[in-house]
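A structural walkthrough
In case you want the letters, here they are:
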Amino acid sequence: MYEFAVAPAITNLRRRGAEITEVAPKSLGAELELEPGDRITRVNGRPVRDYLDFRFQTAGETELVVEVRKSSGEDWELQIERGEAEDFGFSFEQIVPRQCANECIFCFCKGNPSDARPSLFVRDEDIRLSFLYGNGDPCVTISTFVFKPPGRRN
Ligand code: SF4
């Protein structure tokens, strides 16, 4: 079962790349000498923020340039050719849900009884969860609000 992190997600958002937590034996990832603790930072020049990015950037690609920050601190650039359906054999760290920074007075999270299960306190605005689990409930943090009267175009 997916365990939601209740700690503010903001602190975990800015680490570069997606961390590998397991590499299946005899897989392409093992052949490439990638290990748990290594972070994939770019695929074909595009940034990888989490494993959803990694899946998206690698899907259907047979020729790849993968940039990796090794757990030792070294940076590797790997030129990879693979079969169309060949999997890397990686497991990745779980995504920490991004949370809403609004303060709506009617917020359903604030209305929870104090002993409600922790996941009910997550102010989820993370569309990635909809892709991964079908359970995302994206709210949208409002940083700037510009009111335009009806009929006025700019
Ligand atoms: S946008 Fe949604 S989660 Fe965020 S404070 Fe408002 S009601 Fe709560």
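Let us look at the structure shown here. Residues take numbers from 1 onward in each chain, read along the sequence in its written order. Reporting of local features is limited, given that this is a predicted model, to residues whose pLDDT is at least 70; pairs of side-chain atoms are given and counted only at 80 or more, and all residues count toward the totals for whole chains, interfaces and linings.

**Some thoughts on the overall build of the chain**
Threshold: Only runs of H or I of at least four residues qualify as helices and only runs of E of at least two qualify as strands under DSSP, and these elements are numbered from the N terminus. Here the contact rule is simple: place C-beta atoms from the backbone, and any two residues whose C-beta atoms are within 7 Å are in contact.
The helix and strand inventory of the chain stands at four helices and six strands. Overall, the chain shows an N-to-C arrangement of helices and strands of α-β-α-β-β-α-β-β-β-α. For the chain, restricting intrachain contacts to residue pairs at least 6 apart in sequence, the fraction spanning at least 24 positions comes to 56%.

**Regarding the nonpolar core**
Stated precisely, the cut-off is as follows: For this entry, the nonpolar core is defined as buried Ala, Val, Leu, Ile, Met, Phe, Trp, Tyr and Cys residues connected by C-beta atoms within 7 Å. The burial criterion counts other C-beta atoms lying within 10 Å of a residue's C-beta, which is placed from the backbone; the residue is buried at 20 or more, exposed at 12 or fewer, and partly exposed between these limits.
By size, the foremost hydrophobic cluster in this structure holds 13 residues, and its most contacted members are A18, I20, I40, V43, V48 and F54. Mapped by element, the contributors of at least two residues to this core are β1 (18–23), β2 (39–43), α3 (51–58) and β4 (63–69). With three residues, the single largest contributor to this core is β1. What V48 contacts, discounting residues up to four positions off in sequence, is G17, A18, I40, T41, R42, V43, D53, F54 and Q57.

**A word on the environment of L78**
Summarising the element assignment, L78 is placed in strand β5 (residues 75–81). C-beta crowding within 10 Å serves as the criterion here: with 13 such atoms nearby, L78 is assigned to the partly exposed category. For the pair L78 and L32, spaced 46 residues apart in the sequence, the C-alpha separation amounts to 8.1 Å. Excluding its chain neighbours within four sequence positions, the residues that come into contact with L78 are L32, V66 and V68.

**Topic: the environment of R42**
Within the secondary structure, R42 sits in strand β2. It is 9.2 Å that separates the C-alpha atoms of R42 and R16, two residues lying 26 residues apart in sequence.

**With respect to unusual backbone geometry**
Although it is not a glycine, E33 adopts a positive phi angle of roughly 65°. Structurally, E33 is set in the loop between α2 (28–31) and β2.

**Brief notes about the pairing of β2**
Rule in force here: Paired strands, as defined in this entry, are two strands with at least two bridges between them according to DSSP.
Sheet topology note: the β1/β2 ladder contains two bridges and is antiparallel. Considered in β2, the bridge of A18 is made with I40. Pairing geometry for β2 and β4, over four bridges, is antiparallel. Looking at the pairing, R42 lines up with E67 of β4. When β2 meets strand β3 (residues 46–47), the two strands line up antiparallel, connected through two bridges. In the sheet register, R42 faces β3, and the bridge partner there is P47. Here β2 folds back onto β3, and the loop between the two strands holds two residues, one of which, N44, carries a positive phi near 50°.

**Focus: α3**
Spelled out, the test is: The directions from the helix axis to the C-beta atoms are what the arc is built from.
Taken together, the buried positions of α3 are occupied by Y51, F54 and T58. Take α3 and look down its axis: the buried residues cluster within an arc of 50°, on one side only. Those residues of α3 that are buried lie in contact with β1, β2, β4 and β6 (90–92). Trailing α3 by a residue or two, G60 shows a phi angle of about 75°, which is positive.

**A look at the pairing of β5**
Burial analysis of β5 places just zero of its seven residues in the buried class, which makes it a mostly uncovered element. Across seven bridges, the pairing between β4 and β5 is antiparallel. Its bridge partner lying in β5, V65 is registered against Q79. Between β4 and β5, which pair antiparallel in sequence order, lie five residues; one of them, G73, sits at a positive phi of approximately 100°.

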